[in-house]
Protein chains: 2
Amino acid sequence: MLRMRKIAESTVRRLSLYLRFLEEFEEQGMETVSSEALAARGGTTSAQVRKDLSFFGSFGKRGLGYSVGELVLKLRDILGLGRTYRVAMIGAGKIGSALVQYRGFRNRGFDIVSIFDTDQAKVGKGWNGLVVKDLKELETELRRSPVEIAVIVTPGEAAQGVTDRVVALGVKAILNFAPIQLTVPDDVVVKTVNLALELETLSYALTNR
Amino acid sequence: MLRMRKIAESTVRRLSLYLRFLEEFEEQGMETVSSEALAARGGTTSAQVRKDLSFFGSFGKRGLGYSVGELVLKLRDILGLGRTYRVAMIGAGKIGSALVQYRGFRNRGFDIVSIFDTDQAKVGKGWNGLVVKDLKELETELRRSPVEIAVIVTPGEAAQGVTDRVVALGVKAILNFAPIQLTVPDDVVVKTVNLALELETLSYALTNR
DNA sequence: CGTAGCATGTGAAATGTTTCACAAAGATAG
DNA sequence: CTATCTTTGTGAAACATTTCACATGCTACG
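Below: a short report on this structure. Everything quoted here is computed from the prediction, not taken from an experiment. (Residues numbered from 1 in each chain as written. Chains lettered and ligands numbered in written order. Predicted model: local features only at pLDDT ≥ 70, side-chain atom pairs only at ≥ 80, totals over all residues. Heavy atoms only, no water.)

## What to know about the interface of chain B and chain A
Line of reasoning, step 1. The interface of chain B with chain A comprises 55 residues on the first partner and 55 residues on the second.
Line of reasoning, step 2. Where chain B abuts chain A, roughly 5400 Å² becomes buried across the two surfaces, and 67% of that area is made up of carbon and sulfur atoms.
Line of reasoning, step 3. Looking only at chain B, the three residues that lose the most surface to chain A are Glu200(B), Leu202(B) and Tyr204(B), adding up to 13% of its buried area.
Line of reasoning, step 4. One can count six salt bridges joining chain B with chain A.
Line of reasoning, step 5. Among the salt bridges present, the one from Arg108(A) reaches Glu200(B), with a minimum N-O distance of 2.8 Å.
Line of reasoning, step 6. Counting across the chain B and chain A interface gives 20 residue pairs in polar contact (both at pLDDT 80 or more).
Line of reasoning, step 7. Every element with two or more residues in the side of chain B that touches chain A is listed here: helix H1 (9-27), helix H2 (35-42), helix H4 (68-79), helix H5 (94-101), strand S9 (173-176), strand S10 (189-192) and helix H9 (195-207) of chain B. (Contact = heavy atoms within 4.5 Å. Buried area = accessible area lost by both parts, 1.4 Å probe. Salt bridge = Lys/Arg side-chain N within 4 Å of Asp/Glu carboxyl O. Polar contact = N/O pair within 3.5 Å; in protein donor to acceptor, adjacent residues only side chain to side chain. Helix = DSSP H or I, 4+ residues; strand = E, 2+ residues; numbered from the N terminus.)

In structure tokens:
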């Protein structure tokens, strides 16, 4: 695979979408698909699809389209989904709880291997096959059993603190649900899911019509 | 306020961020703030801040900066946060549950007024001050007590169906947590929060370093 | 085997977004 | 009141992304 720098975030997100659609098509027994068909499913244009893919190679056959199966494999490879990732969940509140039970995590190779919380009422409780550990044990635990990804589901006030701690432990990717802007070193990737932001863009859209 | 068409989504998201920071500053008793200071807090540049604001007017004083209080009001107005929105939650599963209890909703003027589910074990149960209603009652309920926003927290298979139903009932904004791409008329706004997508962009970033 | 048709891959053009850089406005200090 | 300093608001430049359009290669069919 070509590994060019600077692929746009929007491109990566679309690739992830295409992958979802291709898996659908695969289940339906389709063997090939045109950029046009893929675009129609995803609400974009065929040129966009072809351009997105062209950053990574040329996977189609002129006059025919793309092999669904082949393209699924290619996209999994490009997105780095050919392996499993070990994930620590920091925070065992409502959202943490919901996420641990979300099948999408494990299904796609994201393996939650530990859960932490400061609330002594939760510590020690079995939780979907895992035991909630005291946040004090974070260093001990993650040294014994390292993870690649941390999901931060703490209150806003606590988020930067635990972020610093997991970064010190070598975590290079963070999925943040706390409603704050995290500061991390350049080599750490953060994705923030910020409910308030989504609601407010909806509000803006409702207002300006 | 100037209402120009075509403000970039990225601009609106930043405005929402600025608002959060300004509220922080306000609590700390700051009276004015420079674009530089606001940018530093938000990880962007002062030129970006000034450009974002300039789409809507000119709110600052040269040599001094922006009045924190005034800018808060302006941004709330721009984002349409001067009112409350009525929200229906469709789906009372784990994520729905977590969202209903999320204070950020009500705090920011998003009032959850009804919750629906198909699961008879949930229907009729009290739920954070609300009663879960049978999804069959959706039309009756939303006609009696209309909402502006629907939050969709159903399984993927059910999402398009309920979307069509709420759209038919006049809902113009949807926050979608189901892992699928919803199809709606042009005058309806959809924001999708897609966990799988976020995880896969993290995976991509981890792979390509 | 040749021709018609289809769909890719990709430079080039168009469009969109961010950054630069500076004139103008106001603040501050002496 | 003047000189100096700060910070805005904004065109213009730089950069990024999307769309266009078409040559090229492959398929299919007679």
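## Re the packing of helix H1 (residues 9-27) of chain A against helix H2 (residues 35-42) of chain A
Residues and elements named next belong to chain A.
Line of reasoning, step 1. At a closest axis distance of 10 Å, the pairing of H1 and H2 adopts a crossing angle of 110°. For the element pair H1 / H2, the angle class is roughly perpendicular. Only Leu-38, Arg-41 and Gly-42 of H2 make contact with H1, whose side of the interface consists of Tyr-18, Phe-21, Leu-22, Glu-24 and Phe-25.
Line of reasoning, step 2. Residue composition of the contact of H1 with H2, grouped by class: five nonpolar, one polar and two charged. (Axes fitted to C-alpha atoms, helices over the stretch in contact; angles between N-to-C directions. Parallel < 35°, antiparallel > 145°, perpendicular 65-115°, else oblique. Nonpolar A, V, L, I, M, F, W, Y, C, P; charged D, E, K, R; others polar.)

## Here's the deal with the pattern of salt bridges
Line of reasoning, step 1. Per the stated rule, a full pass over the model turns up 32 salt bridges over all chains.
Line of reasoning, step 2. In this structure, Arg14(A) and Asp52(A) form a salt bridge, with 2.7 Å as the shortest nitrogen-oxygen distance. Note that Arg14(A) is positioned in helix H1 and Asp52(A) in helix H3 (residues 46-54), a separation of 38 residues in sequence. Exposure class is identical for Arg14(A) and Asp52(A). Each is buried.
Line of reasoning, step 3. Through salt bridges with shared partners, one network takes in Arg20(A), Glu23(A), Arg76(A), Arg108(A) and Glu200(B). (Buried < 20%, exposed > 50% of the residue type's maximum accessible area, 1.4 Å probe, protein only.)

## Details of the layout of surface pockets
Line of reasoning, step 1. Approximately 1300 Å³ is the volume attributed to the second largest pocket.
Line of reasoning, step 2. Forming the boundary of the second largest pocket are 41 residues, of which Pro155(A), Gly156(A), Glu157(A), Pro179(A) and Tyr102(B) lie nearest the centre.
Line of reasoning, step 3. Listing elements by their share of the lining of the second largest pocket, those giving two or more residues are helix H5 (94-101), strand S5 (110-117), helix H8 (156-168) and helix H9 (195-207) of chain A together with H1, H5 and helix H6 (103-107) of chain B.
Line of reasoning, step 4. The dominant element in the lining of the second largest pocket, judged by the number of residues it contributes, is H1(B), at five residues.
Line of reasoning, step 5. Of the residues assigned to the lining of the second largest pocket, the class counts are 18 nonpolar, 11 polar and 12 charged. (1 Å grid on protein atoms, 1.4 Å probe; cavity = no way out; pocket = protein on both sides within 12 Å on 5 of 7 lines; lining within 4 Å. Points joined across faces, edges and corners; volume = space filled by probe spheres on them.)

## What to know about the protein's contact with DNA strand C
Line of reasoning, step 1. Residues in close proximity to DNA strand C total 23 residues, the closest being Ser35(A), Arg50(A), Gly60(A), Tyr66(A) and Arg62(B).
Line of reasoning, step 2. Per the 4 Å cut-off to the protein, sugar and phosphate atoms form 64% of the nearby atoms of DNA strand C.
Line of reasoning, step 3. Residue Ser35(A) places a side-chain N or O atom 2.5 Å away from a phosphate oxygen belonging to DNA strand C.
Line of reasoning, step 4. In the model, a phosphate oxygen of DNA strand C is placed 2.8 Å from a nitrogen or oxygen of the Tyr66(A) side chain.
Line of reasoning, step 5. Listed by contribution, the elements that provide at least two residues to the surface near DNA strand C are H3, strand S2 (60-61) and strand S3 (65-67) of chain A together with H1 and helix H3 (46-54) of chain B.
Line of reasoning, step 6. For the surface near DNA strand C, the element with the most residues is H3(B), which contributes four residues. (Near = heavy atom within 4 Å.)

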